[in-house]
Amino acid sequence: AEVWQPECAASLRNNPLPDPLLASNEQDLLKAAFVVWPLTTNHVQEAVLFAARHRLCVAVIGTGHDWANRHSCPDGVYIRTSLLNSHSFDPSLDNGCGAMEFGAGLTFEQAHSYAANHGRFIASGWCPTVGIAGWSLSGGHGPFAPSKGLGVDNLVQAEIVLANGSAVTVNSTHHPELWKAMRGGGGGAWGVVTKMALRAHPIEDGGFTMATASFRGDGCDRAVLNRTVEAIYGKLGWATSVNSTLGGYGLIATSPSFFSLFKCHATWSIDLIYAWPGDSGQAVWDQLADKTDGLAGKFTKKTYGTWWEAVRATDEFQPYKDLPLIERIEVDAIGDDAILPMPYLKGGAGPSVLVPLEKLEGGDVASALKDQLASSLTSHRASAVQIFQDLTGNRGSEHLRNRDDTSISDGLRTAALHLVFSAAGGHSRDADSAFCKLGANAYQAEASFGAGAGKFGMKQQEVAQACGGGRWKETFWGEELYGELNELKSRLDPNKTFWC
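For clarity, every value in this text was computed on a predicted model and none was experimentally measured.

Chemist: How would you summarise the sheet that holds strand β5 (residues 99-103) if you had to cite specific residues and measurements?
Modeler: One open sheet accounts for five strands, arranged β4-β5-β9-β7-β8; its pairing is antiparallel. The open sheet is flanked by β4 (87-90) and β8 (167-170), the only strands paired with a single partner. This sheet shows a mean twist of 15° between the axes of neighbouring strands, independent of strand direction. Sheet topology note: the β4/β5 ladder contains four bridges and is antiparallel. By the bridge assignment, S88 is partnered in β5 with E101.

In structure tokens:
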């Protein structure tokens, strides 16, 4: 019988051990026929042509952060870009403003370091080990998106190897149709990106500030919990005043008590992390203390000369450390469509919703959060909801919303919040329903929108089918945009080389 050695698994993912989060039958997902670690663009071209000659599918992986494991390709050619790690600053790019040119295998931790060496910073997400390619191509929200644009807006140009083996440079004037499609249109569906040029922003006077606020309580503090949620996310809450000067996210969690000594058998927590360049966001951040006066919040704030220094200090800002791990999820196929390289996880494995500003200002967000938290505390189940407020839908970002040269959904372009509720806990069918009603679209890079129920969490509780009921074309892009993407896909990759 064929034996799949641990050494082979180590070549596929960062973790050399089989990952229990992948699927109940993770070996089938891990088993690529060939694993390629290219050092040059020419190596990638040879790998793609080899796959085409032998009718093998190709999957591309940088750091392996995709929750849904869409970078796997059973019995295909698996291209890891981690060794494509070149870096330089080109002052002639971006209309003479300069851009950082990176190999597609770099992580943001590396990229921030190189940018800081040139007195610049780049737009990124929050996690420094995320790869620059997947984040930038999928949409990309993060601390500087409200003022500097999403990841797709900060991509100046890219080199990509197509299904026919050719390597082309793509930007607004060269291959504009592909340029639009690959920025938001489905990750590795278009080819293997080998190089990227990212907009390099000058560091402002005052450097960067990272600030946190935390609130805690137990199961008896329901009134305090509701007041805290209203003070932050209510129709008159602090989050409604957040504008383009800062970006951040919140984590709202409940944890059951396994010991009777713990008062009221459960605890809740709300943690916020926000950041801003220069002194731009200070005035808005100061309003949080006023809004939450009397709620026993704990506040911290530190300033750094470069964003690289802030990234190195992120161990100080990790509200996730005490959360229970998701133990098991399932995978389900979604059909023959060619844009998505890999089937999505079943519902409950990572549902998200993009929330417009009017839902925040109307009180709908606070109402949904309070209902979910009450359900989780009553049922004594762990839960975690992430609330990202680092997009382009808040006030002051209007100039970033008037563009149609990318393939992200209108919902992503105009969202004020991105809610990720993969561990909603409690009576999760009700929680999923309440959250799904907050918006019509989802962020395809961090969401699972299949149809059906999965299992996750400490109690292996059943969760409702994800938002959209499997209508992922609509929730990620909209039917019209998806049709345009699929038509281009059929022309550029008629044999579906980049699809498994």
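Alright, that's what it looks like, and here's the rest.
Chemist: An account of a nonpolar patch on the surface is requested, with residue identities and associated values reported.
Modeler: There is a patch of nonpolar side chains on the surface, built from W37, L39 and L83 and spanning about 280 Å² of accessible area. Relative to the helices and strands, L83 is located in the loop between β3 (77-80) and β4. For L83, a relative accessible area of 37% gives the class partly exposed.

Chemist: Give a description of the environment of T406 that names residues and reports values.
Modeler: Counting through the fold element by element, T406 comes out in the loop between α13 (398-401) and α14 (410-414). Judged by relative accessible area, which is 7%, T406 ranks as buried. Linking T406 and V152, residues 254 residues apart in sequence, is a C-alpha distance of 7.0 Å. Beyond its immediate stretch of four places on either side in the chain, T406 contacts V152, D153, K180, R183 and R413.

Chemist: Can you lay out unusual backbone geometry for me, pointing to particular residues and giving the numbers?
Modeler: Backbone geometry at D94 places phi at a positive 55°, although glycine is not the residue there. Structurally, D94 is set in the loop between β4 and β5. Overall, D94 belongs to the buried group, its relative accessible area being 14%.

Chemist: Go over the pattern of salt bridges, please, and point to the residues and values.
Modeler: For the structure on display, the rule yields 13 salt bridges. Here K148 and E204 are joined by a salt bridge, their closest N and O atoms 3.7 Å apart. One end of the pair, K148, is in helix α6 (residues 145-148); the other, E204, is in the loop between β10 (201-202) and β11 (208-218), with 56 residues separating them in the sequence. Look at E204 and you get partly exposed, because its relative accessible area is 33%. The closest approach of N and O atoms between R395 and E361, which form a salt bridge, is 2.5 Å. Placement of the pair is R395 in the loop between β16 (383-389) and α13 and E361 in helix α11 (residues 357-361), with a sequence separation of 34 residues. Residues participating in the shared-partner salt-bridge network are D153, R183, R403, D405 and R413.

Chemist: Lay out the packing of helix α8 (residues 222-233) against helix α12 (residues 364-379) with the relevant residues and their values.
Modeler: Their axes nearest at 9 Å, the elements α8 and α12 cross at an angle of 155°. With respect to α12, the axis of α8 lies roughly antiparallel. Crossing geometry of α8 relative to α12 is assigned as right-handed. Contact residues: R222, L225, N226, V229, E230 and Y233 in α8; V365, A366, L369, K370, L373, A374, L377 and T378 in α12. Of the residues in the contact of α8 with α12, the class split is nine nonpolar, two polar and three charged.

Chemist: An account of the side chain of D153 is needed here, citing residue identities and associated values.
Modeler: Looking at where D153 falls in the secondary structure, it is placed in the loop between α6 and β7 (155-161). Here D153 falls in the buried class, since its relative accessible area comes to 3%. Looking at D153, its side chain comes within polar contact range of the side chain of R413, at 2.8 Å. With near-sequence residues (within four places) excluded, D153 lies in contact with R199, R403, T406 and R413.

Chemist: Lay out helix α4 (residues 108-117) in plain terms, naming residues and giving numbers.
Modeler: Looking at α4, one finds that the buried residues are F108, A111, H112, S113, A115 and A116. On its buried side, α4 packs onto β5, β6 (120-121), α5 (132-138) and α10 (307-312). Of the residues one or two after α4, G119 is the one with positive phi, at around 70°.

Chemist: Now, about the sheet that holds strand β2 (residues 58-61): what can you tell me, with residues and values included?
Modeler: One open sheet holds the three strands; their spatial order is β1-β3-β2, and the pairing between them is parallel. Taken across any chain shown, the strands that pair with only one partner, and hence form the sheet edges, are β1 (34-36) and β2. On average, each strand axis in the sheet is inclined to that of its neighbour by 20°, with strand direction left out of account. Examined bridge by bridge, β2 and β3 share four bridges and lie parallel to one another. Paired with I61 across the strands is R80, a residue of β3. Along the sheet, helix α3 (residues 41-53) makes contact with β1, β2 and β3, crossing β3 at roughly 170°.

Chemist: Run through α12, naming residues and quoting values.
Modeler: Note on helix geometry: an α-helix contains 3.6 residues per turn, so any two residues three or four positions apart are oriented the same way. Along its 16 residues, α12 runs 23 Å from first to last C-alpha, staying within 8% of the 22 Å computed at 1.5 Å per residue. Buried residues of α12: V365, A366, A368, L369, Q372, L373, S375, S376 and L377, and no others. H380 lies just past α12 and shows a positive phi near 55°.

Rules used in this analysis
- Residues numbered from 1 in each chain as written.
- Predicted model: local features only at pLDDT ≥ 70, side-chain atom pairs only at ≥ 80, totals over all residues.
- Heavy atoms only, no water.
- Pairing = 2+ DSSP bridges.
- Helix = DSSP H or I, 4+ residues; strand = E, 2+ residues; numbered from the N terminus.
- Axes fitted to C-alpha atoms, helices over the stretch in contact; angles between N-to-C directions.
- Patch = residues over 30% accessible without salt bridge, like charges linked within 9 Å, V, L, I, M, F, W, Y side chains within 5 Å.
- Areas by Shrake-Rupley, 256 points an atom, 1.4 Å probe, with all protein chains shown as cover.
- Salt bridge = Lys/Arg side-chain N within 4 Å of Asp/Glu carboxyl O.
- Buried < 20%, exposed > 50% of the residue type's maximum accessible area, 1.4 Å probe, protein only.
- Contact = heavy atoms within 4.5 Å.
- Parallel < 35°, antiparallel > 145°, perpendicular 65-115°, else oblique.
- Left-handed = near helix turned anticlockwise from the far one by under 90°.
- Nonpolar A, V, L, I, M, F, W, Y, C, P; charged D, E, K, R; others polar.
- Polar contact = N/O pair within 3.5 Å; in protein donor to acceptor, adjacent residues only side chain to side chain.
- Expected span 1.5 Å × (residues − 1).

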